[in-house]
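Listed below, chain by chain, are the residues.
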4 protein chains.
Amino acid sequence: MQRNWFLGDLLDQLFDRPGKKRGKDDKRSISELCEALLSAEGEVSGFVLASTILDRYQTLDDTEKLDFFAYLNDQLELDADQLSETARRYAKDRSVDLFKRLSEAAEPRRQELLRRLNQPSGATQELVAMRVNLLRFLKSNPELRRTDIDFVHLLRSWFNRGFLVLKQISWDTPARVLDKIVAYEAVHQINDLDDLRRRLYPPDRRCFAFFHPSMPDEPLIFVEVALTAEIPNAIDVLLSQVREPIEPEQAKVAAFYSISNCQKGLTGISFGNLLIKQVVTELSRELPGLDTFVTLSPIPGMNRWVAGETGHPEHGHAAKAVLAGTASAQDVRAMAARYLLFAKREDGMPLDPVARFHLGNGAELHELHAEADLSQNGRSQSGGAMVNYLYDLKKTERHHEEFAAHATIEASRSVRAASTAALAARPEENTA
Amino acid sequence: MQRNWFLGDLLDQLFDRPGKKRGKDDKRSISELCEALLSAEGEVSGFVLASTILDRYQTLDDTEKLDFFAYLNDQLELDADQLSETARRYAKDRSVDLFKRLSEAAEPRRQELLRRLNQPSGATQELVAMRVNLLRFLKSNPELRRTDIDFVHLLRSWFNRGFLVLKQISWDTPARVLDKIVAYEAVHQINDLDDLRRRLYPPDRRCFAFFHPSMPDEPLIFVEVALTAEIPNAIDVLLSQVREPIEPEQAKVAAFYSISNCQKGLTGISFGNLLIKQVVTELSRELPGLDTFVTLSPIPGMNRWVAGETGHPEHGHAAKAVLAGTASAQDVRAMAARYLLFAKREDGMPLDPVARFHLGNGAELHELHAEADLSQNGRSQSGGAMVNYLYDLKKTERHHEEFAAHATIEASRSVRAASTAALAARPEENTA
Amino acid sequence: MQRNWFLGDLLDQLFDRPGKKRGKDDKRSISELCEALLSAEGEVSGFVLASTILDRYQTLDDTEKLDFFAYLNDQLELDADQLSETARRYAKDRSVDLFKRLSEAAEPRRQELLRRLNQPSGATQELVAMRVNLLRFLKSNPELRRTDIDFVHLLRSWFNRGFLVLKQISWDTPARVLDKIVAYEAVHQINDLDDLRRRLYPPDRRCFAFFHPSMPDEPLIFVEVALTAEIPNAIDVLLSQVREPIEPEQAKVAAFYSISNCQKGLTGISFGNLLIKQVVTELSRELPGLDTFVTLSPIPGMNRWVAGETGHPEHGHAAKAVLAGTASAQDVRAMAARYLLFAKREDGMPLDPVARFHLGNGAELHELHAEADLSQNGRSQSGGAMVNYLYDLKKTERHHEEFAAHATIEASRSVRAASTAALAARPEENTA
Amino acid sequence: MQRNWFLGDLLDQLFDRPGKKRGKDDKRSISELCEALLSAEGEVSGFVLASTILDRYQTLDDTEKLDFFAYLNDQLELDADQLSETARRYAKDRSVDLFKRLSEAAEPRRQELLRRLNQPSGATQELVAMRVNLLRFLKSNPELRRTDIDFVHLLRSWFNRGFLVLKQISWDTPARVLDKIVAYEAVHQINDLDDLRRRLYPPDRRCFAFFHPSMPDEPLIFVEVALTAEIPNAIDVLLSQVREPIEPEQAKVAAFYSISNCQKGLTGISFGNLLIKQVVTELSRELPGLDTFVTLSPIPGMNRWVAGETGHPEHGHAAKAVLAGTASAQDVRAMAARYLLFAKREDGMPLDPVARFHLGNGAELHELHAEADLSQNGRSQSGGAMVNYLYDLKKTERHHEEFAAHATIEASRSVRAASTAALAARPEENTA
């Protein structure tokens, strides 16, 4: 019970950065400051130097930021010749001493710089924000990707799953954090706090997020859950302003209807897989009456694929109808099933990114619904269709392995049947 | 209702490992489990696999643990030939693709294994404990130091200063944590909680520790502080059972009289420098009346050096007297001053490890006290002498740089004078 | 620092009422249940009985509630004859035994009932809500005021100032509590959370509330504060959507621009006096640069008084102009000054309720502003005028005593001058 | 940042009393200060006045304290004549106005004084401590019991069950609170924190306490619980230093082996009944495997009663043997059973206070154990016998009512049998 002695003031910690004036008087350039941080000076005054650099960075314009990243990319590089030579020698003599030198030679100096920058309170978040800038520059400066690889390397270590904290987001959460949920929702837009209230306040709604202790105001990823009596077949039912909530104890189904990654600066570092499973575990514990865990997911790539199928001998007509918004519910489901089951990337994996995510987590294709997302976005991306992925924790591991090894897609009989259902005849055939 | 937002349940998080039965039925060997964790299976079931491996590890005897570390050391090695070749190519063509492959080739697989192990709640602490075992094996299996280098690499990243939390330890701290303080005190032994009470309960005593959010019950390093009217000249004065506490507001001096590293598994990852400065900052804020921050430190290597000086033409006699416990206070101070100022390692740094630590932090030698630690340990290591190092935050950076660059030792006039004070004449001279 | 061990889970306490099913099967009437609660059964099963009664009460319609209050009022009365007789005997023989019987006889049984009802979690809040109902009935059932007197007696004891907790309300406060601030704001309306953000989010705004530990979601009273460079002279300046916030450290003035009582059920139990002083103390501690603590207050009764002054020989014309909205700023200030300084109740106290509150707290009339509240409400109640009351903690006690004893109003020279300023000449005089 | 909402800083609240200097310069006597607090001055400056009075009280010696209580008792009395007259009039005319005057006349002014004293932080605890002093004076000044009646009246209201918080006490509890557990343990002495560790640290031990939000460091009452496989038959088994703990999940029995009231100043305000039931509820929730809730209780009055039975025709010899410590286990149990079942007070209630407490709570006499408490105290009070009272929440209400109405004692067959077991023959008969 009373274990929060420790964490209560984790945030009142004493690392507070004294105002915004730190290091203002330091006349050195940002790269000189970085060299200082990497030198002996950095060992004693690293805290102040790191603060100064991070503050200085804030004041840079884009050109200067680009210079800064170029400095990281070029000046704080590893010495490849030395590394090659050390590795060559180590291949013959696996001595500890050589391994140590190899380890050191193998790491670009910018990694140590980033570690030393990560000292003041709030630094982690600023470094994540720094990577957002970096990602923006990558397109026109692809060589900076080398630096990005080092960012990712460190961030993966810092945001190791063992450090993440699952938190319920509710109407008891501080408004400051709720603002972030509004801002980061990526699937079904939230307009403002009063709109968010509908997703958090009713007793049959839940929301969970991962946080990192060093960024306590910043969710990393969150999932919104509806507790329902039946597997939901349309998003409007869940988001309706006029529905009557049910008692959580009476719910049979937990429906994950929105998952949003929050931190652009953590792109490439995946949390979603773990999040869903932890939430399934947590909800099972709280509400033993729950027996079904499904998503209600968009099919974002469907219509793009459908657009390429209009000439298809069998379902070309149905494809046109889907694009035109005139297809029957059965045909929409059929095209969705075909897309999810058979449309593949070159590597044999499903074309649909949401499908890849959930199937890769070991979920299975459970049911398809036409007219499930009638928003403009829903119509244009998938003709209004949505899909339930089912999470059965007893099977996810096996499913995942089949999927990873053979791209095998687990799908329910209903979905398979949809994919082979007879499609509406072509008009000209009708007139024949 | 509104639970303690964010941090309250950080520990109640859902990562709880379900009892101790997890993975008991998995028949695979620990190395097979490790391979599974590194494979695709690890991506989905990593949490369970990591738990299973950590639990399995707990059951290993020493021989099996050694096998496990040998597995890490040999089987999860990097491919030095490939690394050398990739580095060679990268030296010529600094492409992003090659850099990516270089980065991957440069990291032994055991690093990824350790990261994937660090998923369940408590895993960080178990990995730190694993390194305690590893360190024990190093003496007879020095080749394992390669694996240790990777442990250190990861631990330095995970225990990056930006993640540490400074906490005051007081009589309001949970007993579970206080037990650790009793156990980890390394300078002036604490017998039990009732003994600890004397160091925490009085209003003129403070204790601060660094913690890591993933190990909330485990201090990493702590420092004990006495608030006093004068710079203390003997440890007994501070630890006495019968002294009358002063009001904190009346204190002029904060005396750091004990610093203890707690985690053997974090050997080589230094926190002490930052701790003292943060505590100085914190105490200055709480008690603006404080104007002096000093240590009362042991001189652990003094008598070992003195023992080698008995034949010294000038202070050989004083050396003998110090060892015999018959030296005058002035001679003890003189020998201490000579030791601290002039006894050097080959690299020019002070022979005394405590001196290296504080001078390296930018402190200065402030005052020497004979008959300051009359415990058996105090007498045998330094003839009862102790030393105050002074922390003047305005000067620490400059002092540190001088010390790092030129091994320059800042010392007060009083200490310098002690080093040149006339020593007691030799007895034979007396009799002459 | 880490003192929240205790209070962290105060709300996770085990008194949770098990769903809403408690006592549903108990067939007794609510008055029978009350008798049971007051009997021996209540000693052992009081917790369950109290829950049952409180739940039953929730299901009552207004007629039944009135019956219930009539039951409290008539059946759970004291025995006045016995009380009179006991008091008579006690007057002659001040024995402990008689005093004990007197104490018991002097307390209506409904007080004990209310105490015994206050056992389950949330009961305090439900009893406060019960009084809201009771207050509603008082108008048509004035005899119930006897029961209300007992409610007040207990609530004054339970909400004793020593139990109240001052909390800052900020954007870090749970949305559930912020909803209450929106709902309870009584002076300058808040539309929704996004509107509230303007009063909480900027660094130069503060809000403080009193809470009771048993009603942690329910503010009792709150005050909104603007940190400003100058004493504010109009409400729009403070509530503007486009203003530029200042750094709190640069603020000289803390302006209390809204105070709202939240709990209708606590009518007659005053918290406001203490609140302002505590907030002054708290802000002084946080921001030593603050040197002036004032309100920016409405003058709610002004125009009602002005309407009675239209025939006044001297300021009748100005009164008409104020009511017509055509008065000059000087005349508005003059009428406001005359109202606040000279308009009295029969008991000699100021007619204006806000003036009575602040002057009763020991504040002084500091400055008057015309065109300070141009909302419809502001115009209609005070011709747009507002007033600053100044809190100088060194003087509040003396002021209060003078005010309480002699109804003396402390007012600045400026306010006094306003009251005697020449008023605009009458039009007919102009034409003369 | 987001501080622990609401409760985190309940204790950092702004009611802090400024050092110990408050009101030092106020030259008025404590009774003058009390009059001021009761006057208009008290309305505005009540906080400061209350602090001054409470501090002044601390400085009083016993004679002065007695004077202070005499002042409360005599000067702050009610006017019995006026009360009698008002009650007489009210008996005839039940007007609200008369009721109001009656309510006011019925309350001695000291009650209002105590309420007004209860404003500064810590005041509640100081008033509880004040009552400890008062209780001490009662013996030689029985007339002060009138004042004590008013203390009790207010304390019952302030410590209303709805305000109490159940907290688990564990090794994660702050040492400051654990010190109190050591000090307040009243049944089986605890020597120090290391001794307490044996009762809190093992996984099969629990401790729960009631707290009041205004006294967060001060338990009001606590109960120690052992989780066991069998109903325990001796205290040493539970307190042994060498026992092997069991997994809590394997426990069948929760044995309450010590209940201690902590606050002498709350004498007469009972919490024990509720505590046990709440703990039963809480433990049932945490550990569904528990099916038996019993005490292991002392029989404190047994030997005192036995001493009066030595001449009894049937069990006089057994009584002598019990007192001499030579009785067989069967005879000890027999005498214990007879004592608990048949020894009564004048009012028909059991002579044994612990029996009255548990039977009054609706527990039943379950089993008797000879040689169960072999401490000196155990031997001298009950010949080493102890008793299990069984709490079956389904029956406690019915049992309680039977007990309250008819003094009916529920006892198991085994206890009944013990009471009628044949006693050892008298020695002289043996020799016959």
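Above this text is the structure in question.
First, a word on what this report is: a plain description of the structure on this page. These numbers were taken from a predicted model, which means no experiment stands behind them. (Residues numbered from 1 in each chain as written. Chains lettered and ligands numbered in written order. Predicted model: local features only at pLDDT ≥ 70, side-chain atom pairs only at ≥ 80, totals over all residues. Heavy atoms only, no water.)

**What about the overall build of chain A?**
Alright, step 1. Helix and strand content of chain A: 20 helices and 7 strands.
Alright, step 2. Classification of the 432 residues of chain A by burial places 59% in the buried group.
Alright, step 3. Once local pairs closer than 6 in sequence are excluded, the contacts in chain A between residues at least 24 apart make up 72%.
Alright, step 4. In chain A, the 54 positive side-chain charges and the 63 negative ones have mean positions that sit 2 Å from each other. (Helix = DSSP H or I, 4+ residues; strand = E, 2+ residues; numbered from the N terminus. Buried < 20%, exposed > 50% of the residue type's maximum accessible area, 1.4 Å probe, protein only. Contact = heavy atoms within 4.5 Å. Lys, Arg positive; Asp, Glu negative; His and termini not counted. Charge placed at Lys NZ, Arg CZ, Asp CG, Glu CD.)

**Regarding the packing of helix 3 (residues 62–75) of chain C against helix 8 (residues 145–158) of chain C**
The relative placement of two packed helices is expressed as an angle between their axes plus a distance between the axes.
All names here are of chain C.
Alright, step 1. Contact geometry of helix 3 with helix 8 gives a least axis separation of 8 Å together with a crossing angle of 85°. What the angle tells us is that helix 3 and helix 8 run roughly perpendicular. Contact residues: helix 3 offers Phe69, Leu72, Asn73 and Asp74, while helix 8 offers Arg146, Thr147 and Phe151. (Axes fitted to C-alpha atoms, helices over the stretch in contact; angles between N-to-C directions. Parallel < 35°, antiparallel > 145°, perpendicular 65-115°, else oblique.)

**Brief notes about empty space enclosed by the protein**
Alright, step 1. As enumerated under the stated definition, the model contains 6 cavities of 30 Å³ or more in all.
Alright, step 2. As a volume, the largest cavity reaches approximately 60 Å³.
Alright, step 3. If you trace the largest cavity, you find it lined by Trp158, Phe163, His212, Pro213 and Ser214 of chain C together with Trp158, Phe163, His212, Pro213 and Ser214 of chain D.
Alright, step 4. Looking at the lining of the largest cavity, its residues break down into 6 nonpolar, 4 polar and no charged. (1 Å grid on protein atoms, 1.4 Å probe; cavity = no way out; pocket = protein on both sides within 12 Å on 5 of 7 lines; lining within 4 Å. Points joined across faces, edges and corners; volume = space filled by probe spheres on them. Nonpolar A, V, L, I, M, F, W, Y, C, P; charged D, E, K, R; others polar.)

**Re the interface of chain A and chain B**
Alright, step 1. Counting residues at the interface gives 87 residues for chain A and 90 residues for chain B.
Alright, step 2. The tally of links between chain A and chain B comes to 4 salt bridges.
Alright, step 3. With a shortest N-O distance of 3.1 Å, Glu112 of chain B and Arg156 of chain A are connected by a salt bridge.
Alright, step 4. Linking chain A with chain B are 24 residue pairs in polar contact (both at pLDDT 80 or more).
Alright, step 5. The residue makeup of the side of chain A that touches chain B, split by class, is 38 nonpolar, 23 polar and 26 charged. (Salt bridge = Lys/Arg side-chain N within 4 Å of Asp/Glu carboxyl O. Polar contact = N/O pair within 3.5 Å; in protein donor to acceptor, adjacent residues only side chain to side chain.)

**Thoughts on the pairing of strand 2 (residues 205–211) of chain D**
A regular strand places its side chains so that they alternate between the two faces of the sheet.
Residues and elements named next belong to chain D.
Alright, step 1. Of all 7 residues that make up strand 2, 7 are buried, and the element is covered over most of its length.
Alright, step 2. Going residue by residue along strand 2, you find Arg205, Cys207, Ala209 and Phe211 tucked away on one face and Arg206, Phe208 and Phe210 tucked away on the opposite face as well.
Alright, step 3. In terms of strand pairing, strand 1 (residues 165–168) meets strand 2 through 4 bridges, oriented antiparallel. Paired with Val165 across the bridge in strand 2 is Phe211.
Alright, step 4. Pairing geometry for strand 2 and strand 3 (residues 221–228), over 6 bridges, is antiparallel. Looking at the pairing, Cys207 lines up with Glu224 of strand 3. (Pairing = 2+ DSSP bridges.)

**Observations regarding the relation of the copies chain A and chain B**
Alright, step 1. Mapping chain A onto chain B calls for a rotation angle of 180° and an axial translation of 0.0 Å; the resulting RMSD is 0.1 Å. The relationship between the two copies is best expressed as a two-fold rotation axis. Minimal C-alpha separation from the rotation axis in chain A is found for Ser84 of chain A, amounting to 2.0 Å.
Alright, step 2. Of all interface residues in chain A, 98% are interface residues in chain B too; the two copies therefore contact each other through one and the same surface. (Least-squares fit on C-alpha atoms with pLDDT ≥ 70 in both.)

**Section: the environment of Arg338 of chain D**
All names here are of chain D.
Alright, step 1. By secondary structure assignment, the location of Arg338 is in helix 15 (residues 329–342).
Alright, step 2. On a C-alpha basis, the gap between Arg338 and Ala418 in space is 8.2 Å, while along the polypeptide they are 80 residues apart.
Alright, step 3. Every residue in contact with Arg338, bar those within four places of it in the chain, is listed here: Trp305, Glu314, His315, Ala343, Ser419, Ala421 and Leu423.
Alright, step 4. Only 2.9 Å separates the side chain of Arg338 from the side chain of Glu314, close enough to count as a polar contact.

**Some words on the packing of aromatic side chains**
Alright, step 1. One pass over the structure, following the stated rule, counts 28 aromatic pairs over all chains.
Alright, step 2. Ring plane angle 80° and centroid distance 5.8 Å describe the contact between Phe163 of chain A and Trp158 of chain B, whose orientation is recorded as edge-to-face. Of the two residues, Phe163 of chain A sits in the loop between helix 8 (145–158) and strand 1 (165–168) while Trp158 of chain B sits in helix 8 (residues 145–158), which places them in two different chains.
Alright, step 3. Among the aromatic side chains, those forming a connected cluster through ring pairs are Tyr57, Phe68, Phe69 and Phe137 of chain A.
Alright, step 4. Sitting over the ring of Phe137 of chain A, Arg136 of chain A keeps its end group 5.0 Å from the ring centre. (Phe/Tyr/Trp six-rings, centres within 6.5 Å; stacked < 30°, edge-to-face > 60°. Lys NZ or Arg CZ within 6 Å of the ring centre and 35° of its normal.)

**Digging into the pairing of strand 4 (residues 253–261) of chain B**
Residues and elements named next belong to chain B.
Alright, step 1. With 7 of 9 residues buried, strand 4 lies mostly within the body of the structure.
Alright, step 2. Judged from the 8 bridges that link them, strand 3 (residues 221–228) and strand 4 form a sheet pairing that is antiparallel. The partner of Phe222 across the bridge, within strand 4, is Ser260.
Alright, step 3. As paired strands, strand 4 and strand 5 (residues 292–295) are joined by 4 bridges and run parallel to one another. From the neighbouring strand, Val253 faces strand 5, where its bridge partner is Thr292.
Alright, step 4. For the crossover that starts at strand 4, traverses helix 12 (residues 272–286) and ends in the parallel strand 5, the hand is right-handed. (Right-handed = clockwise from strand over helix to strand, strands pointing away.)

**Details of helix 3 (residues 62–75) of chain B**
Residue and element names in this part refer to chain B.
Alright, step 1. A rise of 1.5 Å per residue sets the reference length of helix 3, with its 14 residues, at 20 Å; its end C-alpha atoms lie 19 Å apart and thus fit the reference within 8%.
Alright, step 2. Buried residues of helix 3: Lys65, Phe68, Phe69, Tyr71, Leu72 and Asn73, and no others.
Alright, step 3. Structurally, the start of helix 3 carries an N-cap: the backbone nitrogen of Thr63 is 3.2 Å from a side-chain oxygen of Asp61. (Expected span 1.5 Å × (residues − 1).)

Remember, this is a structural readout, not a statement about activity or role.
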